[in-house]
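The residues making up each chain are set out below.
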Amino acid sequence: MKKLLGIMTASAMAASLLAGCGGSKAAETTMAPAETTAAETTAAAAESKAETKAEAGTADLKDKKVGVCIYQFSDNFMTLFRTELENYLVEKGFSKDNIKIMDGANDQATQTNQIQNFISEGVDVLIINPVNSSSAATITDMVQSAGIPLVYINREPDADEEKRWEDNKWDVTYVGCDARQSGTFQGEIIADLGMDKIDMNGNGKVDYIMIKGDPENVDAQYRTEFSIKALEDAGLQVNKLDEQVGMWQQDEAQRLVANSLSQYGNDVEVVFCNNDAMALGALQAIEGAGRTVGKDIFLVGVDALEEACQNVLSGKQTGTVFNDHISQSHTAADAAVNYLTGAGNDHYIGCDYVKVTAENAQDILDSLK
Ligand code: BGC
């Protein structure tokens with residue numbers, strides 16, 4: 001099991017510093033999901049439902065079948081997430097043979113088939129990272145009518161969908177971080193450099209390019225919006241030179257950033273990437289164009305992939321934001337167990353991001369070992 005303590009402390013600190021963005025809500029829920037939910041199951045209907053389940057749910061976890069759907073196995077971040085999820089489920093007492101993890105291959109129809117198969121196989125609980133968050137209502141209906149509890153991860157369904165779970169007291173929850181916070185942290189990392197350093201062309205503005213993840217994904221939308229909002233909130237003027245969709249992928253980002261750099265040249269002062277995989281691609285393009293991060297351009301990502309943290313330490317990436325796959329995967333597994341034992345869950349279980357610069361990148365790397 002990975003070390004959690006340092007990160008939880010850092011997260012708690014981050015939460016206490018965070019104004020708005022639901023940070024404290026997230027921290028409370030993450031710290032004590034079981035307690036919070038137990039206290040909340042007051043409605044008579046929910047109580048009797050929980051009692052029935054508690055009797056049935058006391059069976060050993062090793063006999064319980066878990067179906068996991070991942071939107072795409074080749075995604076760097078989701079690979080870390082699913083590996084940690086599987087290890088932790090085994091640690092909790094599930095048998096490895098009873099945990100089946102499917103690759104949605106970034107195709108909703110493929111994933112929907114996989115969910116249907118899981119339902120026919122009679123899995124006891126499902127953990128789903130949807131290909132399209134907008135398909136959540138359809139997925140929920142299918143899974144719910146089969147009477148299977150459902151934990152969504154990583155791609156948050158919209159507010160209307162989450163309200164349905166609550167209104168109907170369904171055993172459905174979402175485990176993830178608030179992407180607004182990660183965007184804010186990216187913007188703050190850049191703003192903290194100070195305008196003297198950032199404004200290399202002297203036009204009084206932060207000239208930037210934005211490389212986005214899948215635009216359907218709320219993480220991509222919020223990171224794009226809130227990174228720039230943080231610059232503006234710090235009183236800086238901004239100038240968007242280019243905004244492109246890199247679909248979370250390194251090679252695509254490399255291509256896009258190379259294009260932008262050849263078009264806008266030395267005017268590009270900051271490259272924002274919605275994740276680190278794309279920041280790694282951006283770095284290749286930056287180096288290919290003969291530019292140097294920290295000297296004549298700045299670069300930020302999100303996730304704190306190992307390679308990105310190493311780059312932050314050596315100065316090749318200005319900063320990143322730790323997307324805590326350890327706490328998210330453990331919390332998702334714990335939520336699955338809570339459904340199986342009848343303890344139940346809140347309908348939203350949050351966690352906190354952590355800002356990563358050269359100062360703490362080594363601590364983050366150490367905590368991941
Ligand atoms: C991560 C990305 C990842 C995406 C997948 C985001 O939270 O930051 O790296 O590609 O989730 O949905």
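Further up the page is the structure itself.
For clarity, every value in this text was computed on a predicted model and none was experimentally measured.

Participant: Requested: an account of the side chain of Gln-72, with residues and values cited.
Facilitator: One can find Gln-72 in the loop between β1 (66–70) and α5 (76–92). When sequence neighbours within four positions are dropped, the list of residues in contact with Gln-72 reads Met-78, Asp-103, Ala-105, Asn-106 and Gln-249.

Participant: Before we move on, can you summarise the sheet that holds strand β7 (residues 237–245) with the specific residues and values?
Facilitator: An order of β7-β6-β8-β9 is seen for the four strands of this open sheet, with the pairing classed as parallel. The sheet is open, and its two borders are formed by β7 and β9 (298–300), each paired with just one other strand. The average undirected angle you get between the axes of adjacent strands in this sheet is 20°. For strand β6 (residues 205–212) and β7, the ladder comprises eight bridges, and the chain directions are parallel. Within β7, the position partnered with Lys-205 by the bridge is Gln-237. Contacting β6, β7 and β8 (270–273), helix α11 (residues 218–233) runs over the sheet at an angle of about 170° to β6. Packed onto the sheet, helix α12 (residues 250–264) meets β6, β7 and β8 and runs at close to 135° relative to β7.

Participant: Tell me what's going on with the pattern of salt bridges, and back it up with residues and numbers.
Facilitator: Taken as a whole and assessed by the stated rule, the structure comprises 15 salt bridges. One salt bridge in this structure joins Lys-355 and Glu-188, with 2.7 Å as the shortest N-O distance. You can see Lys-355 sitting in strand β12 (residues 354–356) and its partner Glu-188 sitting in helix α9 (residues 179–191), a full 167 residues away along the chain. Taking relative accessible area as the criterion, Lys-355 reaches 26% and is therefore assigned partly exposed. For Glu-188, a relative accessible area of 27% corresponds to the partly exposed category. If you follow the salt bridges from partner to partner, you end up with Asp-141, Glu-161 and Arg-164 in one network.

Participant: An account of the pairing of β8 is requested, with residue identities and associated values reported.
Facilitator: Alternating positions in β8 separate into two faces, Val-270 and Phe-272 on one and Val-271 and Cys-273 on the other, with burial throughout. Bridge count between β6 and β8: four bridges; the pairing is parallel. When the sheet's bridge partners are listed, Ile-211 is paired in β8 with Cys-273. As defined by bridge partners, β8 adjoins β9 across three bridges and the pair is classed as parallel. Directly across from Phe-272, in β9, lies its bridge partner Val-300.

Participant: Tell me about the packing of helix α7 (residues 136–145) against helix α8 (residues 159–167), residues and numbers included.
Facilitator: Two elements in contact, α7 and α8, have axes separated by 10 Å at closest approach and are oriented at 25°. On the basis of the axis angle, α7 is roughly parallel to α8. Of α8, the residues touching α7 (which contributes Ala-136, Ala-137, Thr-140 and Asp-141) are Glu-161, Arg-164 and Trp-165. Grouping the constituent residues of the contact of α7 with α8 by class yields three nonpolar, one polar and three charged.

Participant: Please provide a residue-by-residue account of the packing of aromatic side chains, values included.
Facilitator: In this structure the tally under the stated criterion is five aromatic pairs. Their ring planes at 40° and their centres at 6.0 Å tell us that Tyr-174 and Tyr-348 sit as a pair that is tilted. Placement of the pair is Tyr-174 in strand β5 (residues 172–177) and Tyr-348 in strand β11 (residues 348–351), with a sequence separation of 174 residues. For Tyr-174, a relative accessible area of 1% puts it in the buried group. A centroid spacing of 5.7 Å and a plane angle of 90° characterise the contact between Tyr-208 and Phe-272, whose relative ring orientation is edge-to-face. Taken together, the positions of Tyr-208 in strand β6 and Phe-272 in strand β8 put the pair 64 residues apart, joining distant regions of the chain. Phe-272 matches Tyr-208 in its accessibility class, with the two residues each being buried. Note that Arg-180 overlies the ring of Tyr-222, its terminal NZ or CZ placed 4.8 Å from the centroid.

Participant: So, the packing of α12 against helix α13 (residues 276–288): which residues are in play, and what are the values?
Facilitator: Where α12 contacts α13, the two axes come as close as 7 Å, and the packing angle between them is 40°. As far as their axial angle goes, α13 and α12 are oblique. For the pair α12 and α13, the sense of crossing is right-handed. Judged by residue contacts, Gln-250, Ala-253, Gln-254, Val-257, Ala-258 and Leu-261 of α12 engage Ala-277, Met-278, Leu-280, Gly-281, Ala-282, Gln-284, Ala-285 and Ile-286 from α13. Looking at side-chain class alone, the contact of α12 with α13 contains ten nonpolar, four polar and no charged residues.

Participant: Now, about unusual backbone geometry: what can you tell me, with residues and values included?
Facilitator: Unlike most non-glycine residues, Ala-105 shows phi in positive territory, near 50°. Inspection of the secondary structure assignment puts Ala-105 in the loop between β2 (99–103) and α6 (108–121). Assessed through its relative accessible area of 45%, Ala-105 is described here as partly exposed. Here the phi dihedral of Lys-169 falls at roughly 50°; this positive angle occurs in a residue that is not glycine. Among the structural elements, Lys-169 can be located in the loop between α8 and β5. When its relative accessible area of 40% is taken as the criterion, Lys-169 is described as partly exposed.

Participant: Go over the sheet that holds strand β3 (residues 125–128) with me, naming the residues and quoting the values.
Facilitator: Taken in spatial order, the six strands of this open sheet run β2-β1-β3-β4-β5-β11, and their pairing is parallel. Each of the sheet's edge strands pairs with one partner strand only, and the pair in question is β2 and β11. If you compare each strand with its neighbour and ignore which way they point, the axes differ by 15° on average. Judged from the four bridges that link them, strand β4 (residues 150–153) and β5 form a sheet pairing that is parallel. Looking across to β5, one finds that Ile-153 is bridged to Val-175. The sheet strands contacting α7 are β3, β4 and β5, and the helix crosses β4 at an angle near 155°.

What counts as what
- Residues numbered from 1 in each chain as written.
- Predicted model: local features only at pLDDT ≥ 70, side-chain atom pairs only at ≥ 80, totals over all residues.
- Heavy atoms only, no water.
- Helix = DSSP H or I, 4+ residues; strand = E, 2+ residues; numbered from the N terminus.
- Contact = heavy atoms within 4.5 Å.
- Pairing = 2+ DSSP bridges.
- Axes fitted to C-alpha atoms, helices over the stretch in contact; angles between N-to-C directions.
- Salt bridge = Lys/Arg side-chain N within 4 Å of Asp/Glu carboxyl O.
- Buried < 20%, exposed > 50% of the residue type's maximum accessible area, 1.4 Å probe, protein only.
- Parallel < 35°, antiparallel > 145°, perpendicular 65-115°, else oblique.
- Nonpolar A, V, L, I, M, F, W, Y, C, P; charged D, E, K, R; others polar.
- Phe/Tyr/Trp six-rings, centres within 6.5 Å; stacked < 30°, edge-to-face > 60°.
- Lys NZ or Arg CZ within 6 Å of the ring centre and 35° of its normal.
- Left-handed = near helix turned anticlockwise from the far one by under 90°.

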